[in-house]
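Fold and contact review
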Amino acid sequence: MSHTAHDTEPAQPPPGDDHAFFGQPRGLMTLSGLEVWERFSFLGMQAILVLFFADKVSNGGMGMDPGTAASVSAAYGTLVYLVSVAGGWLADRILGSYRAVLYGGILIACGHYSMAVPTDAMTWVGLGLISAGTGLLKPNVASMVGKLYRTEDERRDAGFALYYMGINIGAFAGPLITGWLGEHASWHWGFSAAAIGMTFGLIQYVAGRRHLAGRKHAAEFALAPAAMRRAIGLIVGGAVAVAVVATALVLAGWLTMDRFVDVLTVVSVIAPVVYFVVMFRSPRVSAEERGRLRPYVVLFLGSVVFNFILFQAYSTMMLLASTNARTEILGFHFPASWYASALGAFEVALAPVVAAVWARMGTRQPHASNKIAFGVILGGLSFLLMVIPTSGHSGDTYRMAAWWIVGSYLLLGLGDILLETSGMSATTKLAPKAFASQTMALWFLSLALANGIQAQIVKLYGEVSNPAYFGVNGAIAVAAGVAMIAAAPWLKRTMHPVH
């Protein structure tokens, strides 16, 4: 297609699309379909990743102790979401959202195919490719959902709830397939299923591209040609330099896995602080937009606390399920990784209910800050619940009933729907215009920070008693949610007119 065709391509989908998907724009179906398969591959792989790390080498695993396995898994999550900052910037300044999502999906698929190869080296290569690809895809696909709606469109929260339901269909199905293959064939067969899923996602994304808003090939805030060439040169040169330095440090014995995890945690703390400072000081951010960023800091911290709990559904909770939970219901035996599907199942079932409630309530629905606070509290309660079945045992050989973990995931799933849908929706509303995709990336930096903190805290798993571990972390989350509710009057006032 010629350059002229690119310039004249309409930024908006056909007019008939506006209510074509359950009363929502048809483009929501395309983006939700992509997320079904992306989450199928990502969470399907993540459900077995910590078990793969902790399994014996003789069984095809990597032989890590449980605390290290959980820490490395969390560090991988940290890297995934740290890269999302670069993904948002590349979309805004160089690639445009459509191409950023497309290229990100290709990298993710290549990463999963690499992990299907049964060698340690290809495992690390695959995780690197998935990190880079997810950083391109995640902030930009969510931003594309926001572009389907006007700011005052009350369907926005309901639309994000449906979008999030799509995400969780993949989150439900992924662990079922990868978990069964991983525990009955080999871990790498599980990784292969994730690769095939992402390939399906890419196919349907390209097929439905005409229904997407803002699908222009050019970046919305593109750099000038000379600046763009300079930026690309710096990116390529920087990537090569980092790879060379990292390789040298590994060969010298300085860059161990523990130190790499620690470095990622430090970066996950510094990155959002620097990013907030840049946005607050940018001359392209108006005084009104700057005022709405202040309450966004509180929403950001709420996301950190909740996701610190949520991500442990795929680390410490998976380890607990594999060692201390029964893996049968009504006589049916299942892989421990299937517990992760319970989380997705609850979110699939509850997301349309939440969407219908918000749509029915209209302007009477709770403020976005309160929705997020309720989510944080539910996350904390999901950990406090685990204090009961893990208490009163003289050893570590006990087996709790499956319903305890299922109940914990029910609380966590409802909290996730309340927090993530409201958080992503509020982010697209509060974003300064010049930092649209990058502000969504900033929301994902809260996930990086949650993982960075988790990478350190999970080292205590197995070192302290399980009731103490889950009880203290759960109580802190509940206290944080209550504090957000107490701050609700200020949040409502400073976020106005955003509801």
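Anything mentioned here points back to the structure above.
Since this is a predicted model, take the numbers as computed values, not measurements.

**Focus: the overall build of the protein chain**
Along the backbone of the protein chain there are 18 helices and two strands. What you see for the protein chain is a C-alpha radius of gyration of 22 Å, in line with the 23 Å of a compact globule of 499 residues. Expressed as a percentage of the 499 residues in the protein chain, the buried residues total 55%. Sequence-distant contacts, at least 24 apart, represent 83% of the contacts inside the protein chain between residues at least 6 apart. Roughly 19900 Å² of accessible area belongs to the protein chain as shown, and the carbon and sulfur atoms make up 69% of that amount. Across the protein chain, the 32 positively charged side chains and the 26 negatively charged ones have centroids separated by 9 Å.

**Notes on the environment of V353**
With respect to the helices and strands, V353 occurs in helix α12 (residues 339-361). With 195 residues separating them along the chain, V353 and A158 place their C-alpha atoms 9.9 Å apart.

**Topic: the nonpolar core**
Residues M45, F53, Y163, Y205, Y339, I405 and Y409 are the most contacted members of the largest nonpolar core, which totals 118 residues. Take this core: its biggest share by element is 13 residues, from helix α2 (residues 27-54). Residue contacts for Y409: discarding those within four places in its chain leaves A313, M317, M318, Y339, A340, A342, L343 and F346. Core analysis: the next-biggest nonpolar cluster, separate from the first, contains seven residues, L90, L95, L136 and A231 among them.

**Brief notes about the packing of aromatic side chains**
How two aromatic rings sit relative to each other is given by the distance of their centres and the angle of their planes. What the rule picks out here adds up to 18 aromatic pairs. Consider the rings of F334 and Y339, whose centres lie 5.3 Å apart with planes at 75°: the pair is edge-to-face. For F334, a relative accessible area of 11% translates into the label buried. Members of the aromatic cluster, connected to one another through ring pairs, are W180, F332, F334, W338 and Y339.

**Observations concerning the side chain of S369**
Along the polypeptide, S369 turns up in helix α13 (residues 368-385). For S369, the residues in contact, after removing those within four places along its chain, are L299, M484, A488 and L491.

Rules behind the numbers
- Residues numbered from 1 in each chain as written.
- Predicted model: local features only at pLDDT ≥ 70, side-chain atom pairs only at ≥ 80, totals over all residues.
- Heavy atoms only, no water.
- Helix = DSSP H or I, 4+ residues; strand = E, 2+ residues; numbered from the N terminus.
- Rg over C-alpha atoms; globule rule 2.2 N^0.38 Å.
- Buried < 20%, exposed > 50% of the residue type's maximum accessible area, 1.4 Å probe, protein only.
- Contact = heavy atoms within 4.5 Å.
- Areas by Shrake-Rupley, 256 points an atom, 1.4 Å probe, with all protein chains shown as cover.
- Lys, Arg positive; Asp, Glu negative; His and termini not counted.
- Charge placed at Lys NZ, Arg CZ, Asp CG, Glu CD.
- Core = buried A, V, L, I, M, F, W, Y, C linked by side-chain atoms within 4.5 Å.
- Phe/Tyr/Trp six-rings, centres within 6.5 Å; stacked < 30°, edge-to-face > 60°.

On their own, these measurements won't tell you what the molecule is for.
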